[in-house]
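Structural overview for review
Here's the letter readout for the chains.
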Amino acid sequence: MKSIVMYTGPACNFCDAAKRLLVRNNAPFTEINIASKDGLMEEMIKKANGKRTIPQIFFDEEHIGGYDEARALEKENKLQELLK
């Protein structure tokens, strides 16, 4: 299974929904709260090619996008294939 990293922030409903989506798909992930340490937001923006919204999700350094993109992959039955 791929290593999953999700950048999140405080009081973020989309972050919570993305976490539920990954748990529902038995996909363990590492959460990085961008508010927990200086520089994490800049790190996320750089890795996500300028995207500033949260969450931002990565599978083995491949940028998947945010909750909407992850949910679309799940609906299209493509998420499990990407997780392999």
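Our subject is the structure listed above.
Below, the structure is looked at part by part. (Residues numbered from 1 in each chain as written. Predicted model: local features only at pLDDT ≥ 70, side-chain atom pairs only at ≥ 80, totals over all residues. Heavy atoms only, no water.)

Looking at where Thr8 falls in the secondary structure, it is placed in strand S1 (residues 4–8). Since its relative accessible area comes to 1%, Thr8 is described here as buried. Among the polar contacts listed, one links the side chain of Thr8 to the side chain of Glu31, at a separation of 2.8 Å. Leaving out residues up to four positions away in the same chain, Thr8 has contacts with Cys15, Lys19, Glu31, Ile32, Asn33, Ile34 and Ile54. (Helix = DSSP H or I, 4+ residues; strand = E, 2+ residues; numbered from the N terminus. Buried < 20%, exposed > 50% of the residue type's maximum accessible area, 1.4 Å probe, protein only. Polar contact = N/O pair within 3.5 Å; in protein donor to acceptor, adjacent residues only side chain to side chain. Contact = heavy atoms within 4.5 Å.)

Counted according to the given criterion, the structure contains 1 disulfide. Here Cys12 is linked by a disulfide to Cys15, with a sulfur-sulfur distance of 2.4 Å. On the sign convention where negative is left-handed, the bridge of Cys12 and Cys15, at about 75° about the S-S bond, is right-handed. Of the two residues examined, Cys12 and Cys15, each falls in the buried class. (Disulfide = S-S within 2.5 Å.)

Note on aromatic pairs: each is described by the distance of the centres and the angle between the planes. Summed over all chains, the structure comprises 2 aromatic pairs. Centre to centre, the rings of Tyr7 and Phe58 are 5.8 Å apart; their planes meet at 80°, and the pair counts as edge-to-face. Placement of the pair is Tyr7 in strand S1 and Phe58 in strand S3 (residues 56–59), with a sequence separation of 51 residues. On the numbers, 6.2 Å between centres and 45° between planes, the contact of Phe14 with Tyr67 is tilted. One end of the pair, Phe14, is in helix H1 (residues 13–24); the other, Tyr67, is in helix H3 (residues 67–75), and 53 residues separate them in sequence. In this structure, Lys47 packs its charged tip against the face of Phe58, placed 5.1 Å from the ring centre. (Phe/Tyr/Trp six-rings, centres within 6.5 Å; stacked < 30°, edge-to-face > 60°. Lys NZ or Arg CZ within 6 Å of the ring centre and 35° of its normal.)

What the rule picks out here adds up to 7 salt bridges. Of the charged contacts, one joins Lys19 and Asp16 as a salt bridge, the two residues approaching to 3.7 Å between their closest N and O atoms. In this pair, Lys19 and Asp16 are both assigned in helix H1, 3 residues apart and thus about one turn of the helix distant. Take Lys19: its relative accessible area is 22%, and that puts it in the partly exposed class. What makes Asp16 partly exposed here is its relative accessible area of 34%. One salt bridge connects Lys19 with Glu31, and the closest N-O pair in it is separated by 3.1 Å. Of this pair, Lys19 sits in helix H1 while Glu31 sits in strand S2 (residues 30–33), and the two are 12 residues apart along the sequence. Take Glu31: its relative accessible area is 37%, and that puts it in the partly exposed class. Shared partners join several salt bridges into a network, and the residues in it are Asp16, Lys19 and Glu31. (Salt bridge = Lys/Arg side-chain N within 4 Å of Asp/Glu carboxyl O.)

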